[in-house]
Amino acid sequence: MKVLFCGNDMYFGFAYTKEEVERRRLGTVVQCDRDKLSQEIVDADVIVPLMCRITKDLIDKASRAKLIIQYGAGVEGIDIEYASEKGIYVSNIASGDTGNAESCAEMVVFLLLGCLRRVNQMQRAFRERRLGVPIGDMLKGKSVCIIGFGNIAKALVPRLAPFGVDMFALRRHVGKFDENDMDILKDVGEVGREEDMRRILGKSDIVVFTCSLNPSNQGMMNREFLSMCATPVMIVNVARGGLLDYDAVVEGLASEKIRALGIDVQFEEPFDPDDPVATHEAVYCTPHVAGVTQTSYRNMARIVADEAEKVVLKGQEPSVIVLHQ
């Protein structure tokens, strides 16, 4: 069995999976550059996308493939319908099962504190040997709107609550909550839908994106979105870079409608470190590492090995089958 990691990003996902698969003597795990993908995919039994798209052309070349499994939750880069037509299962790894959601939630707190305490300016002041500057701000008393209310948001709420913030959430569908959600919801003032967006954004000091990306919310943080926000607003994104409209961000930073921006995911990845957004003193960028912790990556490696064994070696269906975005 050959497990192919597509792309050389997210190295530890490959390394931990290779260790797990080879320890269990299930097969081999290889990683290749994007420009070698069309050759390596030909004899791959399992395809693991890493920051690259699995298109119709690539799927046509993958004559042996039985499983495409995303190393995480987001599957927007996979042509799911075509893969399914070709008899290839598409699967992913839910963030709530691995420690990934908790890792991402911790990263939100990190970025929020970095924005509020103005870490870029702190570093400059330190280099210049200046003491007592910059002046920062506190989380206590702030209003936080969480966009999306899945596993990451549910892990974030109990981590933000001790800071004394008021929390609201927006989600596409406000359905029933299970018993496990009840303790979390007690710290959330309101879970609203699209029709509540203007009202909730208008009273929020901070907006945190934790939702998945799909065609309906591509670029949702645009000029209209910013016009609904309290002024100035702080934005943190640990979900997908495509949720933010680049031009709206540039204008928002220039007008100071955006007070600060913390982004672990960017508009294009890898992001140009010399881009005007990346170099802005109110922007804090990290290289897509919110979910990259030893705990989450070890668990995801185990799941990839389990699912590969189940589908390829045992002829069973994967635990999760994704049919659409």
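All of the points below concern the structure found in this document. Predicted model, so just to flag it, every value in this text is computed and none were measured.

1. Some points on the overall build of the protein
And step 1. When its secondary structure is counted, the protein shows 13 helices and 12 strands.
And step 2. Relative to the globule expectation of 20 Å for 325 residues, the C-alpha radius of gyration of the protein, 21 Å, shows essentially globular dimensions.
And step 3. If you line up the protein on its principal axes, its C-alpha atoms span 60 × 50 × 35 Å.
And step 4. Expressed as a percentage of its 325 residues, the buried residues of the protein come to 51%.
And step 5. At a minimum sequence separation of 6, the contacts of the protein that also span at least 24 residues come to 63%.
And step 6. Total accessible area on the protein stands at roughly 15900 Å², and carbon and sulfur atoms take up 48% of it.
And step 7. Side chains of the protein give 39 positive and 47 negative charges; the mean places of these two sets differ by 3 Å.

2. Side note on the sheet that holds strand β5 (residues 89–91)
And step 1. Here we have five strands laid out as an open sheet, ordered β2-β1-β3-β4-β5, and parallel in their pairing. Each end of this open sheet is capped by a strand with a single partner; those strands are β2 (28–32) and β5. Across this sheet, the average inter-strand angle for adjacent strands is 20°, counted without regard to direction.
And step 2. Pairing analysis gives four bridges linking strand β1 (residues 2–6) to strand β3 (residues 46–49), with the strands arranged parallel.

3. Thoughts on unusual backbone geometry
And step 1. In this structure, the amide linkage connecting Val133 to the following residue, Pro134, adopts the cis form with an omega of 0°.
And step 2. Checked against the element boundaries, Pro134 lands in the loop between α6 (119–127) and β6 (143–147).
And step 3. For the bond running from Thr231 to Pro232, omega is -15°, close enough to zero to count as cis.
And step 4. Residue placement: Pro232 occurs in the loop between α10 (223–228) and β10 (233–237).
And step 5. In this structure, Arg25 takes a positive phi of about 55° despite not being glycine.
And step 6. In this fold, Arg25 is placed in the loop between α1 (11–23) and β2.

Procedures and definitions
Residues numbered from 1 in each chain as written. Predicted model: local features only at pLDDT ≥ 70, side-chain atom pairs only at ≥ 80, totals over all residues. Heavy atoms only, no water. Helix = DSSP H or I, 4+ residues; strand = E, 2+ residues; numbered from the N terminus. Rg over C-alpha atoms; globule rule 2.2 N^0.38 Å. Buried < 20%, exposed > 50% of the residue type's maximum accessible area, 1.4 Å probe, protein only. Contact = heavy atoms within 4.5 Å. Areas by Shrake-Rupley, 256 points an atom, 1.4 Å probe, with all protein chains shown as cover. Lys, Arg positive; Asp, Glu negative; His and termini not counted. Charge placed at Lys NZ, Arg CZ, Asp CG, Glu CD. Pairing = 2+ DSSP bridges. Axes fitted to C-alpha atoms, helices over the stretch in contact; angles between N-to-C directions.

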